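The lines below spell out each chain.
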There are 2 protein chains.
Amino acid sequence: MSGRAAVVLLSGGLDSATVAALARRAGFDVHAMSFRYGQRHAVELEAAARVAERVVARQHRVVDIDLRAFGGSALTDDIDVPKDGVDPDAIPITYVPARNTIFLSFALAWAEVLGATDIFIGVNALDYSGYPDCRPEYLAAFETMAQLATKAAIEGTAPVHIHAPLIDMTKAEIIRCGTDLGVDYSTTISCYDPTADGRACGRCDSCRLRQKGFAEAGLADPTRYA
Amino acid sequence: MSGRAAVVLLSGGLDSATVAALARRAGFDVHAMSFRYGQRHAVELEAAARVAERVVARQHRVVDIDLRAFGGSALTDDIDVPKDGVDPDAIPITYVPARNTIFLSFALAWAEVLGATDIFIGVNALDYSGYPDCRPEYLAAFETMAQLATKAAIEGTAPVHIHAPLIDMTKAEIIRCGTDLGVDYSTTISCYDPTADGRACGRCDSCRLRQKGFAEAGLADPTRYA
């Protein structure tokens, strides 16, 4: 643990677990950040804590934010998560308004306090479920903004970089990459609607993408399904 | 109250009170948003509530965020606010990491839920105390990012605009403008270190800027000083 500090956004899912392992492999000390934002279940945060422990994070901070104050998403409101597939051309109801912008903004604040210039996020543009804030042009624009937002812009020190190493990877490629890095995917949870004891529904959009990914990677899916 | 909705960031200070009045004058329904972020005093939020009431805001929402989790500022840590002037070339210790980025991100989320495309913020670049996230280039970059961040970017609907109408104004010009619009500045508070009953210290950087502004505007300063 003597690398440079990086802030890694950790959801407890498959993608961010892979990103944390990639950050470690690149020589960074991982400062993991998760959010309690009105999710239906604490299962995600328990998974994030397991992932942080396994990747030997320097610290894991959980930030409380209340996205429910705004409403507007099946993930935070009391409306049903769709279970029978989604329209591939529509933005799904599980979209949370400006979520990645809020998450990255908190990561930026923490990075500035830590003196870190590297922020890792596990978005990918291929299996992105149609979310606008998972696209490369969005991330590039966030990075440009972030480089103007902090003291470094005034003081001329190193600028912030937003790393999204999964951006061009399929779910199968992510799973193969993480498996090579020793990620234990049984500790992660991708489901939008898990049971209270952490088993995945196997039917939501996120479960479907995950199952397809393991199948295409030719690897056994260690997920515990309901 | 039949205009388009706009989200107005309201701190309880002189600048944001003027911005709220400008938004109303421009025909917007004001949806005011303030933050409880570990400030030393509740005085700011009481002032924000008075300003929201006076500008006949459609609603006023206070969002809890915990910037103290990151530390790094005299406004949120237990370190003393400077009272004897500041180095004009240095970023002051009262700087809060990524604060405007976090505030604007929440405003963006709320705007998306409201179906609003206009966000107002009371930053200005002249009397900006050296904060990086009060500069026009920062705000332009945030707007570009925001236009890529939300459903509108996918669906091709109207893009988000960040309005910073005070950006090029001196404090004296802001005070004259607000006075013309009927803003009652006695209900606002600018002080970094007010007394518990809402009187300003008269000595911090923010109080000095405010006093200078009223003096240059040739108007009586209605601020209650300790």
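Before reading on, note that the structure itself is shown above.
Rules and cut-offs
Residues numbered from 1 in each chain as written. Chains lettered and ligands numbered in written order. Predicted model: local features only at pLDDT ≥ 70, side-chain atom pairs only at ≥ 80, totals over all residues. Contact = placed C-beta atoms within 7 Å. Helix = DSSP H or I, 4+ residues; strand = E, 2+ residues; numbered from the N terminus. Nonpolar A, V, L, I, M, F, W, Y, C, P; charged D, E, K, R; others polar. Least-squares fit on C-alpha atoms with pLDDT ≥ 70 in both. Axes fitted to C-alpha atoms, helices over the stretch in contact; angles between N-to-C directions. Parallel < 35°, antiparallel > 145°, perpendicular 65-115°, else oblique. Left-handed = near helix turned anticlockwise from the far one by under 90°. Buried ≥ 20, exposed ≤ 12 C-beta atoms within 10 Å, placed from the backbone. Arc of directions from axis to C-beta.

Colleague: Sorry, what's going on with the interface of chain A and chain B here?
Modeller: Accessible area lost upon the coming together of the parts is a frequently used measure of interface size. At the junction of the two partners, chain A supplies 36 residues and chain B supplies 36 residues. Of all the secondary-structure elements, those providing two or more residues to the side of chain A that touches chain B are strand S3 (59–64), helix H3 (99–114), helix H4 (136–149) and helix H5 (151–155) of chain A. The element contributing the most residues to the side of chain A that touches chain B is H3 of chain A, with nine residues. Split into classes, the residues belonging to the side of chain A that touches chain B amount to 23 nonpolar, six polar and seven charged.

Colleague: Sorry if this is basic, but what is going on with the relation of the copies chain A and chain B here?
Modeller: A rotation about an axis combined with a shift along that same axis relates the two copies of the chain. In the superposition of chain A on chain B (RMSD 0.0 Å, axial shift 0.0 Å), the rotation amounts to 180°. Both copies of the chain, as the preceding transformation shows, are related through a two-fold rotation axis. When the interface residues of chain A are mapped onto chain B, 100% of them again fall at the interface, so both copies present the same face.

Colleague: Got a minute to help me understand the packing of helix H6 (residues 171–180) of chain A against helix H7 (residues 205–217) of chain A in this structure?
Modeller: Helix-helix packing: each pair is described by the crossing angle between the helix axes and the interaxial distance. All names here are of chain A. At a closest axis distance of 7 Å, the pairing of H6 and H7 adopts a crossing angle of 65°. When the axis of H6 is compared with that of H7, the two are roughly perpendicular. Handedness of the crossing formed by H6 with H7: right-handed. Contacts between H6 and H7 pair Lys-171, Ala-172, Ile-174, Ile-175 and Arg-176 from the former with Leu-209, Arg-210, Lys-212, Gly-213, Phe-214, Glu-216 and Ala-217 from the latter. Its residues placed into classes, the contact of H6 with H7 shows six nonpolar, one polar and five charged.

Colleague: Explain helix H6 (residues 171–180) of chain B here, please?
Modeller: Every α-helix carries 3.6 residues per turn, so stepping three or four residues along brings you back to the same face. All names here are of chain B. Turning to H6, its buried residues number three or more, namely Lys-171, Ile-174, Ile-175 and Gly-178. All buried residues of H6 fall inside an arc of 95° around its axis, so they share one side. The elements touched by buried residues of H6 are helix H1 (14–25) and helix H7 (205–217). After H6 finishes, the residue Gly-182 shows a positive phi value of roughly 85°.

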